[in-house]
Amino acid sequence: MDQTHQNKEPQVSFAISFLSRKNPRNPHYNLPLLVLNYFFLFVGSLSSCLLSKYYFIHKGSSIWVSTWVQCAGFPFLFLPIFLPYLLKCSTRKPFSHFTLKIFTLSILIGFLLGLNNFLFSWGNYYLPVSTSSLLLSSQLAFNLILSVLLVKQRITFNNLNCVILIVISSVLLALESSHDKPEDISKTKYLLGFFCSIGAGLLFALYLPLMEIIYKKVYCYAMVMEMQMVMEFGATLLATIGMVRESLVFDKGPRDYYTTVCFNVVTWQLCFIGTAGMVFLTSSLTGGICMTALMAMNVVGGVFVYGDAFGGVKIVSTLLSSWGFASYVFGLYIKMKLERKEEDKRNNNINTNENNNSRNNDVEMVIIDNDRV
């Protein structure tokens, strides 16, 4: 990348210091943009999960329709891609550095994302929202393993402790699954939803580090949105092929059906924009942990909105998941404070050396002047 683009293209960063590691691509933090993206992730994650379940509760039976709405909102990404250029806020032309290799990788990962969405829909169809959300939190264990293998993520006490606590919460939930099964769902279908949720977590855990690898070739936030749009196009194409023969079934009527679908499309788009942003500026593991923390909100949402059972096991599972995330964030906060102290110490040493050198130079100049006299 040439220096001109580095100077002209504003480096967009939304890494907050206690939630992210230092990233050489983005040495300056931008707290407002981080808050905006995490807000998108928060609203998108909670709303899309509840709306997807709303579709199935009211006799919506198409898994492919539920899969399709998760990425069909990709045209909305034209706004963040083209608007800055049209308003002359950026000199970079959209897709100007989008190579054939990046396009191909984006399409392939889009198909992977489409399969993940399909498995998520199966799990959400047969399981209560709270159960599905807690099971999806198991993706963090897969995320840690794949991050170590693919992006050489270091295993520390903080991230390992977080993963262990969240995995234990999922195991507890699995052991008590028989008490959580809805009466109108057979044991076979319940187990199908159970393992589909686990499979969705595994695929999403693979998706995150793959995105981190590809984002190393990306130098601005606009390219992240471009890649995200192509990936979602691939996922939408896969779902569209699957839903060709699907029929409209919904007990609330066509008007509520299309309203549900439209809101689902928008909220899923917010969720994916927030996810892409977190991975781009932090890391796949940090992004996964932040997403997992929101699963607890999905559990609470399922209890309040749909009256999901929230007995002792779910309470313990939710607490373990929340405690794991809190301990991880606190560990990063302590680590960052130590790094700041070391950095300040190095800067002080550099300033001291510079002052000493300056004094030595002044002394040498005085000696030279005296010699001349």
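Treat the numbers as computed from the prediction; the structure is a model and nothing was measured.

(A) Looking closely at the overall build of the protein chain. Scanning the protein chain for helices and strands turns up 13 helices and zero strands. When the helices and strands of the protein chain are read in sequence order from the N terminus, they spell out α-α-α-α-α-α-α-α-α-α-α-α-α. For the protein chain, buried positions account for 49% of its 373 residues. Here the contacts in the protein chain between residues at least 6 apart in sequence split such that 83% fall between residues at least 24 apart.

(B) Local environment of the packing of helix H5 (residues 100-126) against helix H9 (residues 187-215). Between H5 and H9, the shortest axis-to-axis distance is 7 Å and the interhelical angle comes to 155°. With respect to each other, H5 and H9 are oriented roughly antiparallel. For H5 against H9, the interelement crossing comes out left-handed. Here the residues of the contact of H5 with H9 are counted per class, giving 20 nonpolar, five polar and one charged.

(C) Just empty space enclosed by the protein, in detail. For the structure shown, the criterion picks out two cavities of 30 Å³ or more. Taken as a whole, the largest cavity holds about 290 Å³ of empty space. Lining the largest cavity are 21 residues, with Phe 120, Leu 136, Trp 268, Met 291 and Met 295 sitting closest to its centre. Elements with a contribution of two residues or more to the lining of the largest cavity: helix H2 (31-57), H5, helix H6 (129-136), H9, helix H11 (253-281) and helix H12 (284-306). Within the lining of the largest cavity, the residues separate by chemical class into twelve nonpolar, nine polar and no charged. Estimates place the volume of the second largest cavity at around 50 Å³. Lining of the second largest cavity is provided by Ser 52, Tyr 55, Val 65, Ser 66, Val 69, Thr 260, Val 261 and Asn 264. Within the lining of the second largest cavity, the residues separate by chemical class into four nonpolar, four polar and no charged.

(D) Inspection of the packing of aromatic side chains at higher detail. A full pass over the atoms with the stated rule returns 17 aromatic pairs. Both rings, one in Phe 74 and one in Phe 233, keep their centres 5.7 Å apart while their planes meet at 80°; by these two values the pair is edge-to-face. Within this pair, whereas Phe 74 is found in the loop between helix H3 (63-68) and helix H4 (78-86), its partner Phe 233 is found in helix H10 (residues 221-242), the two being separated by 159 residues in sequence. A relative accessible area of 16% means that Phe 74 is categorised as buried.

(E) Structural detail: the nonpolar core. Formed by 60 residues in total, the largest nonpolar core has its most connected members in Tyr 207, Met 211, Tyr 215, Val 218, Val 224, Met 225 and Met 227. Elements represented by at least two residues in this core include exactly H2, H3, H5, H9, H10, H11 and H12. If you tally residues by element for this core, the top one is H11, at eleven residues. Counting twelve residues, the second largest nonpolar core, distinct from the first, contains Val 163, Ala 293, Phe 325 and Tyr 328.

(F) Examining unusual backbone geometry more closely. The residue Phe 95 is not glycine, and still its phi comes out positive at about 65°. The residue Phe 95 is located in the loop between H4 and H5 in this model.

(G) Structural context of the side chain of Ser 197. When you line up the elements, Ser 197 lands in helix H9. Setting aside residues up to four positions removed in sequence, Ser 197 forms contacts with Leu 119, Gly 123, Leu 127, Ser 132, Leu 135 and Leu 136.

(H) Spatial organisation of a nonpolar patch on the surface. Together, Leu 108, Phe 111, Phe 233, Leu 237 and Ile 241 give the surface a local cluster of nonpolar side chains, amounting to about 470 Å² of exposed area. Those elements that place two or more of their residues in the nonpolar patch are H5 and H10. The element contributing the most residues to the nonpolar patch is H10, with three residues.

(I) Structural view of the environment of Val 163. In this structure, Val 163 sits in helix H8 (residues 157-175). By relative accessible area, Val 163 is classed as buried at 8%. Placed 162 residues apart in sequence, Val 163 and Phe 325 show a C-alpha to C-alpha distance of 8.7 Å. Aside from chain neighbours lying at most four places away, what touches Val 163 is Leu 140, Ala 141 and Leu 144.

(J) Inspection of the packing of helix H7 (residues 139-151) against H9 at higher detail. Between H7 and H9, the least distance of the axes is 8 Å, while the angle of their chain directions is 35°. The two elements H7 and H9 meet at a crossing, and its hand is right-handed. Two secondary-structure elements touch here, H7 through Gln 139, Phe 142, Asn 143, Leu 146, Ser 147, Leu 150 and Val 151 and H9 through Ile 198, Gly 201, Leu 202, Phe 204, Ala 205, Leu 206, Leu 208, Pro 209, Leu 210, Glu 212 and Ile 213. Classifying every residue of the contact of H7 with H9 by side-chain character gives 13 nonpolar, four polar and one charged.

(K) Local environment of the pattern of salt bridges. Using the criterion set out here, one finds one salt bridge in the structure. Note that Arg 92 and Glu 226 form a salt bridge whose closest N and O atoms lie 2.9 Å from each other. With Arg 92 in the loop between H4 and H5 and Glu 226 in helix H10, this residue pair connects regions lying 134 residues apart in the sequence. Glu 226 shares its class with Arg 92; the two are buried.

(L) Seen up close, the state of the cysteines. All told, the structure shown has zero disulfides when counted by the stated rule. Cys 271 takes part in no disulfide bond, and the closest cysteine sulfur, belonging to Cys 49, lies 9.6 Å away. A relative accessible area of 6% means that Cys 271 is categorised as buried.

What counts as what
- Residues numbered from 1 in each chain as written.
- Predicted model: local features only at pLDDT ≥ 70, side-chain atom pairs only at ≥ 80, totals over all residues.
- Heavy atoms only, no water.
- Helix = DSSP H or I, 4+ residues; strand = E, 2+ residues; numbered from the N terminus.
- Buried < 20%, exposed > 50% of the residue type's maximum accessible area, 1.4 Å probe, protein only.
- Contact = heavy atoms within 4.5 Å.
- Axes fitted to C-alpha atoms, helices over the stretch in contact; angles between N-to-C directions.
- Parallel < 35°, antiparallel > 145°, perpendicular 65-115°, else oblique.
- Left-handed = near helix turned anticlockwise from the far one by under 90°.
- Nonpolar A, V, L, I, M, F, W, Y, C, P; charged D, E, K, R; others polar.
- 1 Å grid on protein atoms, 1.4 Å probe; cavity = no way out; pocket = protein on both sides within 12 Å on 5 of 7 lines; lining within 4 Å.
- Points joined across faces, edges and corners; volume = space filled by probe spheres on them.
- Phe/Tyr/Trp six-rings, centres within 6.5 Å; stacked < 30°, edge-to-face > 60°.
- Core = buried A, V, L, I, M, F, W, Y, C linked by side-chain atoms within 4.5 Å.
- Patch = residues over 30% accessible without salt bridge, like charges linked within 9 Å, V, L, I, M, F, W, Y side chains within 5 Å.
- Areas by Shrake-Rupley, 256 points an atom, 1.4 Å probe, with all protein chains shown as cover.
- Salt bridge = Lys/Arg side-chain N within 4 Å of Asp/Glu carboxyl O.
- Disulfide = S-S within 2.5 Å.

Fair warning: the whole summary comes from geometry, so function is off the table for now.
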